[in-house]
Amino acid sequence: MRPISLTMQAFGPYAGRQTVDFRRALDCGLFGIYGATGAGKSSIFNAMTFALFGEAANGEQHPTTLRSDHAAVDLLTEVELIFELGARCYRVRRRPEQLRPAKRGERETKELHKAWLFDVTGLTIDAISDANPGRPLAEVRVGLVDAAIVELLGYGADQFRQMVLLPQGRFEKFLAADTAERVDILRKLFDVGLYRRLAEHFKNRAKDVRDDITNRRQVCMARLKSDGFDTIEH
């Protein structure tokens, strides 16, 4: 998954609407996201995680707390992520559950969590808009969008955190760790249980083959001895 464009509105420290265009950075191959403390670096990862999975980068943070405290009361919190996956390009929009002014009176009303997923393959980034959103794959119903995202990516929020969010707290520990500690950190981050099970499976298969060959040799030698031969050569 390659992020192309991320737009955050009334999200985290961003009171208005901010867009991060990753295209030039991706062309460089390796790039960094840096800035002063509180500048909103972690909010970028938070927004990407929320756009894809409806959860914060910190799994313990509730999505309703992602709204900016500095945003205008009538500006809804919303995140949009455009990303490439293989030869296809997709656009996902998501709004967390939040309060907004009621259309009548001075009361507030609850806006429920909503999400949209579009296929925008073939459209230029600048051409994508609410009026030209792309081909809808799943709309409004959060469960449908969540399922479609997981089916596309092949992993969920927990795996995304493990693969993407290493710099958010564990990178320094990783650099300072000894070899054994690094192996343990990587095992926890990337969930290598599947490969360990595969290795164990092939190890058991190899043992079964060795045992079978040993048993066949013993049977062969027993038959040779019964016919008066001491070895295979004679």
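In this text the structure is predicted, and so the values were computed from the model without any measurement.

Observations concerning the sheet that holds strand β2 (residues 14-21)
Part 1 of the reasoning: Strand order in the open sheet formed by six strands is β2-β1-β3-β4-β7-β8, with antiparallel pairing between adjacent strands. Pairing within the sheet leaves two strands with one partner each, and these edge strands are β2 and β8 (135-140). For this sheet the average axis-to-axis angle between neighbouring strands, irrespective of direction, equals 10 degrees.
Part 2 of the reasoning: Helix-sheet contacts for helix α2 (residues 41-53) involve β1 (2-11), β2, β3 (78-85) and β4 (88-95), and the interaxial angle to β1 is about 100 degrees.

Some details on a nonpolar patch on the surface
Part 1 of the reasoning: Nonpolar side chains collect at one region of the surface, where L194, Y195, L198 and F202 lie side by side and expose about 440 Å² of accessible area between them.
Part 2 of the reasoning: Residue placement: L198 occurs in helix α7 (residues 193-226).

Let's talk about the pattern of salt bridges
Part 1 of the reasoning: Counting across every chain of the model gives 15 salt bridges.
Part 2 of the reasoning: Among the salt bridges present, the one from R216 reaches D212, with a minimum N-O distance of 2.9 Å. Here the residue R216 and the residue D212 both occupy positions in helix α7, the gap between them amounting to four residues, near one helical turn.
Part 3 of the reasoning: If you follow the salt bridges from partner to partner, you end up with E78, E80, R91, R93, R95 and D130 in one network.

Here we look at the pairing of β4
Part 1 of the reasoning: The buried fraction of β4 is high, at seven of eight residues.
Part 2 of the reasoning: Where β3 folds back onto β4 in an antiparallel hairpin, the turn is made up of two residues, including G86, whose phi is positive at roughly 65 degrees.
Part 3 of the reasoning: Strand direction decides the pairing type here: β4 and strand β7 (residues 114-119), joined by six bridges, are antiparallel. Following the sheet pairing, R94 is matched in β7 by A115.

Quick notes on the packing of aromatic side chains
Part 1 of the reasoning: Counting across every chain of the model gives four aromatic pairs.
Part 2 of the reasoning: Judged by centre distance (6.5 Å) and plane angle (15 degrees), the rings of Y155 and F160 are stacked.
Part 3 of the reasoning: On the basis of relative accessibility, which here comes to 18%, the residue Y155 falls in the buried class.
Part 4 of the reasoning: A relative accessible area of 1% means that F160 is categorised as buried.
Part 5 of the reasoning: Put simply, the rings of F53, Y155 and F160 pair up and form one aromatic cluster.
Part 6 of the reasoning: Across from the ring centre of W116, 4.6 Å away, lies the NZ or CZ of R93, which sits over that ring.

Observations concerning the environment of R17
Part 1 of the reasoning: With respect to the secondary-structure elements, R17 resides in strand β2.
Part 2 of the reasoning: In this structure R17 comes out as partly exposed when scored by relative accessible area, which is 47%.
Part 3 of the reasoning: Note: C-alpha distance between R17 and L75 (58 residues apart in sequence) is 9.6 Å.
Part 4 of the reasoning: If near-sequence neighbours (up to four positions away) are discounted, R17 is found in contact with T7, M8, Q9 and E78.

About the cut-offs
Sequence order as written defines the numbering, with residues in each chain counted from 1. In keeping with the model being predicted, local features are shown solely for residues with a pLDDT of at least 70 and side-chain atom pairs are shown and tallied solely at 80 or more, while totals for entire chains, interfaces and linings include all residues. The basis for the side-chain values is all heavy atoms of the structure; hydrogens and waters are excluded. At least two DSSP bridges between two strands are required for those strands to pair. Under the DSSP-based scheme used, a helix requires at least four consecutive residues in state H or I and a strand at least two consecutive residues in state E, with every element numbered from the N terminus. Interaxial angles span 0 to 180 degrees and are taken between N-to-C directions of axes, which are lines fitted to C-alpha atoms, for helices over the stretch in contact. We call two residues contacting when some pair of their heavy atoms lies within 4.5 Å. In this analysis, a patch consists of residues with relative accessible area above 30% that form no salt bridge, clustered at 9 Å for like charges and at 5 Å for the nonpolar side chains Val, Leu, Ile, Met, Phe, Trp and Tyr. Here, Shrake-Rupley sampling with a 1.4 Å probe gives the accessible areas, and only protein chains in the shown set may cover a residue. By definition here, a salt bridge exists when the distance from a side-chain nitrogen of Lys or Arg to a carboxyl oxygen of Asp or Glu is within 4 Å. Here the term buried applies to any residue with accessible area under 20% of the maximum for its type, exposed to any over 50%, and partly exposed to those in between, with areas from a 1.4 Å probe on protein chains only. Here is the rule: rings of Phe, Tyr and Trp (six-membered ring for Trp) pair when centre to centre is within 6.5 Å. Planes less than 30 degrees apart are stacked, more than 60 are edge-to-face, and the remainder are tilted. Ring-over charges, as used throughout, are those where CZ of Arg or NZ of Lys falls within 6 Å of the ring centre and within 35 degrees of the ring normal.

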